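# Descriptive structure summary
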Amino acid sequence: EQAIKLNPDDKEAWDNKGAALSHLGRYEEVIACFEQVLKLNPDDKEAWSNKGKALYNLGRYEEAIACYEQVLKLNKDSEEAWFIKGAALGNLGRYEEAITSYEQVLKLNPDSEEAWVNKGAALSHLERYEEALSCFEQVLKLNPDSEEAWFIKGAALGNLEKYEEAIACYEQVLKLNPDAEKAWFIKGAALGNLEKYEEALSCYEQALKLNQDDKYAWGNKGVALYNLGRYEEAIACFEQVLKLNPDDEDCWNNKGFALSELGRYEEAIACLEQVLKLNPDDKAAWGNKGVALSHLGRYEEAIACYEQVLKLNPDDKEAWSNKAIALSHLEKYEEALACYEQVLKLNPDDKEAWSDKGAALSHLGRYEEAIACFE
C-alpha cells in the first residue's frame, strides 16, 4: 500500500497486493487490485487469470468465464484457463460446453487427472455414463490410487445399475481410506439395491461410526431393517432422522409403514398426517393413510383418502382397488363394482379384480355376471 501511495501506477505493487489479499480470502478487494493492473496493461494474462480466480471463488461464474476468455484470446494454449473455464461452466450446469473446455485441456496435457475427472463428472450429469466411465478409467491408468476416480466410477456404474461393479469400486476407495464415510454409505445403498440387506446394514453402521449425525445413513439403515422385518429397530432409526430433520417427508412415510406392519395403525396415521402437512400432494401418504384407516374399520375416511390419490392420479390401479374393497365393507356394492371396472380398464388381466368384481355382483344377486367374472 505504501508503494502504491508513492506510485499509483506501480503494476507490480498492485499484483503483489492482490496476491496477498487472495491468500486472506478477501476476493472483492483482490478483484479491485487486478482491475487496477488491467487499467495499466489490458493484455496482462496473469491479471485476467487472477481476477477470474477471485470471481470463481465468489461464485460469480459468468464473470469468471469472461476473464478466462480474455486469457485465451491472449494465449489459446493456457491449460489453466481452459480448466477453470470448464469448472465454471460445469457449476452453471452448462455441461456440454464444460466438456469442450476439458477436451482442450486434454489436447494440451493428456495426463491431466483433474481434467479427466471433471470431464467424466460432466458426462455423468448428462447421463452419458458409459462415456464417463472411460474418463475415470483414464484417471485410474494415470493414478490407480485416485480415491476420487474410484468413487465417481462407482457412482456411474450405480447409475447404470451395475451394482456389483459399483461395490468393487467403493471397496477400492475403502482400501485407500477406511474412513471414507460416503463410500460406506453408497456401498450400502448398492447392496440394498441387490437386496443384500444384512451387508448393507453393516455399511450403514460403519458410516454412523464415522458420523453419528448422518441422517441419510440413519434413514437407509432404517429401510434395510424394515426390509429385514425388524420393524421396531427400523422405527428407532427413523426417529433418529426426525431428530436431525423434523421435516423429512420420506422418513415420516417410512416410520408410518413400519408402524403399520406392527399393527400400530393410529400411530401410523399420525405419521402420515405429518407427511401431508409437509406435502398435501403426497400420493403414497394418502394411499397408506387409507390402508391404515381401513385396518381400523374407518372405511368412510379411508375412501376419502383413496379419492385424494385418484385426484392426483386417476390411473392409480391400487387406489381404485382399495376404494372398491372399502366400499364392499360398507356394502356399497354398486359403487364397488364401478371401481373394479376401473381397475380392469387399467389391467384387464388382474385376476384378483375379476374375482372381487364377481363377489360384488354376487352380493347384488347378479349371479350369471358373477360366474362370468369367476371364469
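Right above here is the structure, for reference.
Described in the following lines is the structure provided in the data block. It should be emphasised that the depicted structure is a prediction, and the values quoted were computed from it without experimental measurement. (Residues numbered from 1 in each chain as written. Predicted model: local features only at pLDDT ≥ 70, side-chain atom pairs only at ≥ 80, totals over all residues. Heavy atoms only, no water.)

With that settled, consider the nonpolar core. Grouped together as the largest cluster of nonpolar side chains are 117 residues, with contacts concentrated most on Phe83, Phe151, Val173 and Ala183. Setting aside anything within four residues of it in sequence, one finds Val173 in contact with Glu147, Trp150, Phe151, Ala180 and Ala183. (Core = buried A, V, L, I, M, F, W, Y, C linked by side-chain atoms within 4.5 Å. Buried < 20%, exposed > 50% of the residue type's maximum accessible area, 1.4 Å probe, protein only. Contact = heavy atoms within 4.5 Å.)

Right, let's talk about the layout of surface pockets for a bit. Of the voids in this model, the largest pocket is the one considered here, and its volume is about 330 Å³. In this structure, the largest pocket is lined by 20 residues; those nearest its centre are Ala284, Gly287, Asn288, Val291 and Glu318. Taken together, the elements giving at least two residues each to the lining of the largest pocket come down to α16 (249-261), α17 (265-278), α18 (283-295), α19 (299-312) and α20 (317-329). In terms of residue count, the dominant contributor to the lining of the largest pocket is α18 (7 residues). Residues that form the lining of the largest pocket fall into these classes: 10 nonpolar, 6 polar and 4 charged. (1 Å grid on protein atoms, 1.4 Å probe; cavity = no way out; pocket = protein on both sides within 12 Å on 5 of 7 lines; lining within 4 Å. Points joined across faces, edges and corners; volume = space filled by probe spheres on them. Helix = DSSP H or I, 4+ residues; strand = E, 2+ residues; numbered from the N terminus. Nonpolar A, V, L, I, M, F, W, Y, C, P; charged D, E, K, R; others polar.)

Under the criterion given, the structure shown has 5 aromatic pairs. With centroids separated by 5.3 Å and ring planes inclined at 65°, the aromatic side chains of Tyr226 and Tyr231 adopt a geometry described as edge-to-face. For Tyr226, a relative accessible area of 22% corresponds to the partly exposed category. (Phe/Tyr/Trp six-rings, centres within 6.5 Å; stacked < 30°, edge-to-face > 60°.)

So, about the environment of Leu330. Mapped onto the elements, Leu330 comes out in the loop between α20 and α21 (333-346). Judged by its relative accessible area of 29%, Leu330 is partly exposed. When the C-alpha atoms of Leu330 and Glu96 are compared, they prove to be 59 Å apart, with 234 residues separating the residues in sequence. The residues touching Leu330, leaving out its near neighbours within four places in the chain, are Tyr299, Glu300 and Ile303.

Below, the discussion takes up unusual backbone geometry. Unusually for a residue other than glycine, Glu161 sits at a positive phi of about 60°. Summarising the element assignment, Glu161 is placed in the loop between α10 (147-159) and α11 (163-176). Glu161 gets classed as exposed once you look at its relative accessible area, which sits at 58%. With phi around 65°, Glu195 is a residue other than glycine that occupies positive phi space. Summarising the element assignment, Glu195 is placed in the loop between α12 (181-193) and α13 (197-210). By relative accessible area, which is 59% here, Glu195 ends up exposed.

Moving on: the pattern of salt bridges. Scanning the model with the defined rule gives 32 salt bridges in all. Here Arg26 ties to Glu29 by a salt bridge, and the two come within 2.8 Å at their closest N and O atoms. On the basis of relative accessibility, which here comes to 35%, the residue Glu29 falls in the partly exposed class. The salt bridge partner of Arg264 is Glu232, with a shortest N-O separation of 3.3 Å. Placement of the pair is Arg264 in the loop between α16 and α17 and Glu232 in helix α15 (residues 231-244), with a sequence separation of 32 residues. Overlapping salt bridges bring together Glu28, Arg60 and Glu63 as one network. (Salt bridge = Lys/Arg side-chain N within 4 Å of Asp/Glu carboxyl O.)

The N-to-C vectors of α16 and α17 enclose an angle of 165°; their axes lie 8 Å apart at closest approach. Comparing the axis directions of α16 and α17 gives the class roughly antiparallel. The crossing of α16 and α17 is left-handed. Contacts from Glu249, Trp252, Asn253, Lys255, Gly256, Leu259 and Ser260 of α16 reach α17 at Tyr265, Glu267, Ala268, Cys271, Leu272, Gln274, Val275 and Leu278. A per-class count over the contact of α16 with α17 returns 8 nonpolar, 4 polar and 3 charged. (Axes fitted to C-alpha atoms, helices over the stretch in contact; angles between N-to-C directions. Parallel < 35°, antiparallel > 145°, perpendicular 65-115°, else oblique. Left-handed = near helix turned anticlockwise from the far one by under 90°.)

Looking now at the state of the cysteines. Taken as a whole and judged by the stated rule, the model has 0 disulfides. The thiol sulfur of Cys67 is not disulfide-bonded, and the nearest other cysteine sulfur, from Cys33, lies at 14 Å. Judged by relative accessible area, which is 3%, Cys67 ranks as buried. The thiol sulfur of Cys305 is not disulfide-bonded, and the nearest other cysteine sulfur, from Cys339, lies at 15 Å. Note on Cys305: relative accessible area 2%, which makes it buried. (Disulfide = S-S within 2.5 Å.)

Glancing now at helix α6 (residues 79-91). Taking 1.5 Å per residue as the helical rise, α6 with its 13 residues ought to reach 18 Å, and the 19 Å between its terminal C-alpha atoms agrees with that figure. For α6, the buried fraction is high: 10 of the 13 residues fall into the buried class. Tucked into the core, α6 has its buried residues touching α4 (45-57), α5 (61-74), α7 (95-108) and α8 (113-125). Phi turns positive one or two residues past the end of α6, at Gly93, with a value near 75°. (Expected span 1.5 Å × (residues − 1).)

As a packed pair, α13 and helix α14 (residues 215-227) sit with axes 9 Å apart at the nearest point and diverge in direction by 155°. Classified by the angle between their axes, α13 and α14 sit roughly antiparallel to one another. When the axes of α13 and α14 are compared, the crossing they make is left-handed. Residues Tyr197, Leu201, Tyr204, Glu205, Ala207 and Leu208 of α13 form the contact with α14, whose participating residues are Ala217, Trp218, Asn220, Lys221, Ala224, Leu225 and Asn227. Tallied by class, residues from the contact of α13 with α14 come to 9 nonpolar, 2 polar and 2 charged.

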